[in-house]
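Here are the chains, one letter per residue:
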Amino acid sequence: MDRTRRTLLLVTTLLAAFSCGKDDSPERPDITVPVKEEGTSSSGTGESGNDGNLSLGDLAALQGIKLGAAFTYGEYTGNKQIAEILTTEFKAVTFGNEMKHDAIVKTSGQMDFTTADKMAGWAEQAGTELFGHVLGWHSQQQKFWLDTVINQAKADSSTSPEEAVDAEFKRYVYAMVEHFDVYAWDVVNETFADGGNGAFRTAATTQAGDHVFVWGSYYSSTKEWVDRAFQYATEACKEYGKSPILYINDYNLETDAGKRKGLCDYAKGNPQVTGVATQMHIDMSTYNLKDKIKETLTALVATGKMVRIAELDIKATDLDAQAELYRYIFEQYLSIVPAEQRGGITFWGINDKDSWVGEYNHPLLWSGANYDKKPAYDAIYAYLSELAGN
Ligand code: 9MR
């Protein structure tokens, strides 16, 4: 049976079981359902958690939330705990770095999918779907190769550097879409300026170093590049018979109302955008954070597109307060995003110790060498269990 049918069967079975009012509101559902076909077991070594019952991902699926986690090649390699957590707790994975332009395109321009394919194999083993991150980003481009393309065009009067870069971008988008079977793509990521009142970022205002925005220098505007990204992704999907959700994704949508509006307005104006996402890298200490989360989800829903929380993590010092905020985010997502617009929630990592924001910020659901479940895990678990039990 394929995965979608298995999931549907599971959901149907569970809904039927819970609607029979069969017990006296247990803290968590007491049905053991083998969602994954082989090699599954309870994740984490902490005392709390699913204890062989429904996993966090199973419970989220009951509410129409596809629950995902990001991981990198380095994090996963030789790490049985991550493999077990992915298998048990999650339904989707995103690679932290390995589908980015500079990871796939070599300095020779050749595309090398070896590492990403290996990780896709792990994702498949874990029974998870794959999210594609990312086709168009101002950061981590294979600058050496793009410079070669640009210099060749300058030396060859038959094409302009702009046309050559555009052809290269199109080649890359088509190759990625053809190669990976994903349920959704981040077509573009982080295209709006910080504090720019909704304006797109420009190559000139984007930092140097790793962040040299090569694409941005060879289109008449960043908007034109974003238009092309959605056009090529849409056309490639059609050509290869695929229909993933096509997302525009950005950070600080909670705290930067101008950026939020810019992204939502762009999405509304481009029918090829089928999903909008907030990364939601947030910090407990942000003023009025809960209202900002609500406002953001409400604005995203108003675009009429699929709505996703793409890179969730919360910097915190008080783990109980963090747990409460995590629960709040799930509550708000379910109350604001209608079932048919739920694109899912992905955590940007699994264990605090591997997080891009540093262990000292305690951002995720597991911590320590033993992968102990944190209060945040328990809070989300308890909330989703309450929903499933009612
Ligand atoms: O998680 C990724 C981290 O391992 C890399 O060092 C970093 C490099 O820029 O990219 C991280 O992921 C970013 C994602 O691709 C886009 N949104 C922000 C994420 C955190 O920086």
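Attention shifts here to the packing of aromatic side chains. This structure, assessed with the given rule, holds 21 aromatic pairs. Clustering of aromatic rings is evident, with ring pairs tying together Phe90, Tyr326, Phe330, Phe347, Trp366, Tyr377 and Tyr381. Lying across the ring of Tyr328, Lys290 places its NZ or CZ 4.8 Å from the centre. Directly above the aromatic system of Tyr247 lies the positively charged group of Arg308, at a separation of 5.8 Å from the ring centroid.

So, about the site of the ligand. Among the 13 residues in the neighbourhood of the ligand, the closest are listed as Lys100, His133, Glu190, Glu311 and Trp348. A distance of 2.8 Å separates an oxygen atom of the ligand from a polar side-chain atom of Trp348. Applying the majority rule of atoms within 2 Å of the grid points places the ligand in the largest pocket. Residue classes in the shell around the ligand are distributed as three nonpolar, seven polar and three charged.

On inspection of all chains with the given rule, the structure shows 17 salt bridges. In this structure, Glu224 engages Arg228 in a salt bridge whose closest nitrogen and oxygen atoms are separated by 3.4 Å. Of the two residues, Glu224 and Arg228 both sit in helix α10 (residues 222-239), four residues apart, roughly one turn of that helix. Residues joined in a network through salt bridges with shared partners are Asp194, Asp250 and Lys259.

Attention shifts here to unusual backbone geometry. Backbone torsion omega between His133 and Val134 reads 20°, so that peptide bond is classified as cis. For Val134, the location among the structural elements is in strand β3 (residues 129-137). Positive phi outside glycine occurs at Gln140, with the angle close to 50°. Tracing the backbone shows Gln140 in the loop between β3 and α7 (143-155). Overall, Gln140 belongs to the buried group, its relative accessible area being 15%. Of note in this structure, Asn288 is not a glycine but carries a positive phi near 55°. Inspection of the secondary structure assignment puts Asn288 in the loop between β7 (281-283) and α12 (289-302). When its relative accessible area of 38% is taken as the criterion, Asn288 is described as partly exposed.

Two numbers describe how helix α11 (residues 257-269) lies on α12: the axes approach to 9 Å, and their chain directions differ by 15°. The angle between α11 and α12 places the two elements in the roughly parallel class. Regarding α11 and α12, the two cross each other, and that crossing is right-handed. Here α11 contributes Arg260, Leu263, Cys264 and Lys268 to the contact with α12, which in turn contributes Lys292, Glu295, Thr296, Ala299, Leu300 and Ala302. Classifying every residue of the contact of α11 with α12 by side-chain character gives five nonpolar, one polar and four charged.

Turning our eyes to something else, we now look at the nonpolar core. Residues Leu86, Trp185 and Ile248 are the most contacted members of the largest nonpolar core, which totals 107 residues. Among the nonpolar cores identified, the runner-up in size contains eight residues, and Ala92, Phe131, Ile245 and Ala277 belong to it.

Another point: the packing of α12 against helix α13 (residues 319-336). Each pair of packed helices can be described by the angle between their axes along with the distance between the axes. For the pair α12 and α13, the least separation of the axes is 10 Å and the interaxial angle reads 25°. By the angle between their axes, α12 is roughly parallel relative to α13. Between α12 and α13 lies a crossing whose hand is right-handed. Taken together, the residues of α13 that come into contact with α12 (itself represented by Leu289, Lys290, Asp291, Ile293, Lys294, Leu297, Thr298 and Val301) are Glu324, Leu325, Tyr328, Ile329, Gln332, Tyr333 and Ile336. Along the lines of polarity and charge, the residues of the contact of α12 with α13 split into nine nonpolar, two polar and four charged.

Reading the values: the criteria
Residues numbered from 1 in each chain as written. Predicted model: local features only at pLDDT ≥ 70, side-chain atom pairs only at ≥ 80, totals over all residues. Heavy atoms only, no water. Phe/Tyr/Trp six-rings, centres within 6.5 Å; stacked < 30°, edge-to-face > 60°. Lys NZ or Arg CZ within 6 Å of the ring centre and 35° of its normal. Near = heavy atom within 4 Å. Polar contact = N/O pair within 3.5 Å; in protein donor to acceptor, adjacent residues only side chain to side chain. 1 Å grid on protein atoms, 1.4 Å probe; cavity = no way out; pocket = protein on both sides within 12 Å on 5 of 7 lines; lining within 4 Å. Sits in = over half its atoms within 2 Å of the grid points. Nonpolar A, V, L, I, M, F, W, Y, C, P; charged D, E, K, R; others polar. Salt bridge = Lys/Arg side-chain N within 4 Å of Asp/Glu carboxyl O. Helix = DSSP H or I, 4+ residues; strand = E, 2+ residues; numbered from the N terminus. Buried < 20%, exposed > 50% of the residue type's maximum accessible area, 1.4 Å probe, protein only. Axes fitted to C-alpha atoms, helices over the stretch in contact; angles between N-to-C directions. Parallel < 35°, antiparallel > 145°, perpendicular 65-115°, else oblique. Left-handed = near helix turned anticlockwise from the far one by under 90°. Contact = heavy atoms within 4.5 Å. Core = buried A, V, L, I, M, F, W, Y, C linked by side-chain atoms within 4.5 Å.

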